[in-house]
Amino acid sequence: MPNFDHQTDLPAELLPATQRALLHRIAVAQSEGRTPSLVAGLLRGGRPVWSGARSMIDGHAPTPDVQYRIGSITKTFVAVLVLRLRDEGLLDLADPLGRHLPGTPADGATVAQLLSHSSGLTAETPGPWWERTEGSLRPGLGDLLEAERPLKHPAGRRHHYSNPGFALLGALVEQLRGEPWGEVLRREVLEPLGMDRTSLLPQAPHAGGFAVHPWADVMLPEPLTDTGRMAPAGQLWSTGADLARWAAFLAAGDDKVLSSATLAEMRRPAVAPEDEQWTSAYGLGLALIRHQGRTLYGHSGSMPGFTAGLWVSAADGLAAYALSNATTVDTPRVAAELIDLVATHEPALPEPWRPLPAADADDELLALTGPWYWGAAPQALRLRAGRLLELGPLGGGRRESRFEPQADGTWLGLEGYYAGETLRVVRGTDGAVSHLDVGSFVFTREPYGPAAVVPGGIDPQGWHAG
């Protein structure tokens, strides 16, 4: 008998056919990508359910405990450190960097703009190529940016990826915590999550990084550098097992590190995507992509000799990672395709319908449900678990939103057009419900009525033909 996960009514292990499909995908990636090794894994419901590896050496595939460089996935860790500072009240995302870390060429860029790569800062440092040279060549923060023209675009206007921007965020963490950002990361994030195989410098066993000749099957070792002040942009080493823990955290949060509400804020697009049908966007330290009709969030990563990818599909309850030790393997795409394979072969089952708890369904709330009208436009108000109200056009639409009950008897909009707006139930002198007020918009039980509560009044003739 299979062992079932009672939260999802799915087997705790993937079906053999699904496992075979996953193994086939990484085997193709290792072979066609011409990488010495590749490791990958998948989580469902926040728990690892599959991992696999392929290697150029027969019978010697790496284990999930072997370290690889994860490149820019490092940025997701730095962003979590910064959001922790925000949640503690030590900074505001609207603060200019210069308020906390004065004297850099990016003094006017806000913390949010640096997190979302919308500060307009240059993509890379002045020469030499920072990923292949020691950090001692860039000893000061001023060495991370061009002296004459560090801004390539007006701040806040567009997404322009900036590695130095994240180096400055690492320095910001150091400034406000009073110790190296790597030590802050270890104490505040890695230890609480049990990630003891993630580090700034490699720890055995670890893979060596290689470049593979584009026109011949020969390899060249890549240097394993300590990039110094640029480390927050892409320095970390990690393992498959540790990235599984990180993916589980990014999927659900952990109050020891960062709440699920703050993580949800991180994965909302911060600036408009540049492609009309957007296939990719960026939040606060988290990248978003659309793959096979699914929205995934996480990050890609590359450093000389290594590529990495980690994605989470919230809708499917799935997450995947892939790591390789060759410079040009598209591991982010491999990780996305692992999610697609499982979502296709073993789609998640919807939660069973259950009636509301008695405490959420009192007569007063039930009396509010049903049809309402914004002017002449029909709306529906529904009651959900947790005493949430859901208001939107009949048949759905762009102004659909849920509202969370507040201590003062109002409801606060959670998403969509009414996010952050207040819903009030307005009563007449007799105590009966008169209408709903949502950010000054009036919702009545009949189209444009009664006249006394509709701003501007109602034509005395009322509804009439012709």
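Values in this document were obtained by computation on a predicted structure and should not be read as measured data.

1. Re the overall build of the protein chain
Phase 1: When you go through the protein chain residue by residue, the secondary structure sums to 10 helices and 21 strands.
Phase 2: Projected onto its principal axes, the C-alpha coordinates of the protein chain cover approximately 85 × 65 × 45 Å.
Phase 3: Taken over 466 residues, the protein chain has a buried fraction of 47%.
Phase 4: If you take every contact in the protein chain between residues at least 6 apart in sequence, the share linking residues at least 24 apart comes to 58%.
Phase 5: Summing over all exposed atoms, the protein chain offers an accessible surface of approximately 22000 Å²; the carbon and sulfur share of this is 54%.
Phase 6: A distance of 2 Å separates the average location of the 39 positive side-chain charges in the protein chain from that of its 53 negative side-chain charges.

2. Describing the sheet that holds strand 11 (residues 294–303)
Phase 1: In spatial order, the strands read 4-3-13-12-11-10-9; together these 7 strands make up an open sheet with antiparallel pairing. With one partner strand each, in any of the chains shown, strand 4 (47–55) and strand 9 (280–282) form the two edges of the open sheet. For this sheet, the mean angle separating the axes of adjacent strands, direction not counted, is 20°.
Phase 2: Where strand 3 (residues 37–44) lies against strand 4, 8 bridges are found, and the strand directions are antiparallel. Directly across from leucine 43, in strand 4, lies its bridge partner proline 48.

3. Observations regarding the sheet that holds strand 14 (residues 370–374)
Phase 1: If you walk around this closed barrel you meet the 8 strands as 14-15-16-17-18-19-20-21, and the pairing is antiparallel. Neighbour to neighbour, the strand axes of the sheet diverge by 30° on average, direction disregarded.
Phase 2: Across 2 bridges, the pairing between strand 14 and strand 21 (residues 441–444) is antiparallel. Considered in strand 21, the bridge of tyrosine 373 is made with threonine 444.

4. Notes on the side chain of arginine 69
Phase 1: With respect to the element layout, arginine 69 can be found in strand 5 (residues 68–69).
Phase 2: Of the side chains with opposite charge, aspartate 226 comes closest to the buried, unpaired arginine 69, at an N-O distance of 6.9 Å.
Phase 3: Of the polar contacts made by the side chain of arginine 69, one reaches the backbone oxygen of threonine 225; its length is 3.1 Å.
Phase 4: A distance of 3.5 Å separates polar atoms of two side chains, one belonging to arginine 69 and the other to glutamine 235.

The rules we used
Residues numbered from 1 in each chain as written. Predicted model: local features only at pLDDT ≥ 70, side-chain atom pairs only at ≥ 80, totals over all residues. Heavy atoms only, no water. Helix = DSSP H or I, 4+ residues; strand = E, 2+ residues; numbered from the N terminus. Buried < 20%, exposed > 50% of the residue type's maximum accessible area, 1.4 Å probe, protein only. Contact = heavy atoms within 4.5 Å. Areas by Shrake-Rupley, 256 points an atom, 1.4 Å probe, with all protein chains shown as cover. Lys, Arg positive; Asp, Glu negative; His and termini not counted. Charge placed at Lys NZ, Arg CZ, Asp CG, Glu CD. Pairing = 2+ DSSP bridges. Axes fitted to C-alpha atoms, helices over the stretch in contact; angles between N-to-C directions. Salt bridge = Lys/Arg side-chain N within 4 Å of Asp/Glu carboxyl O. Polar contact = N/O pair within 3.5 Å; in protein donor to acceptor, adjacent residues only side chain to side chain.

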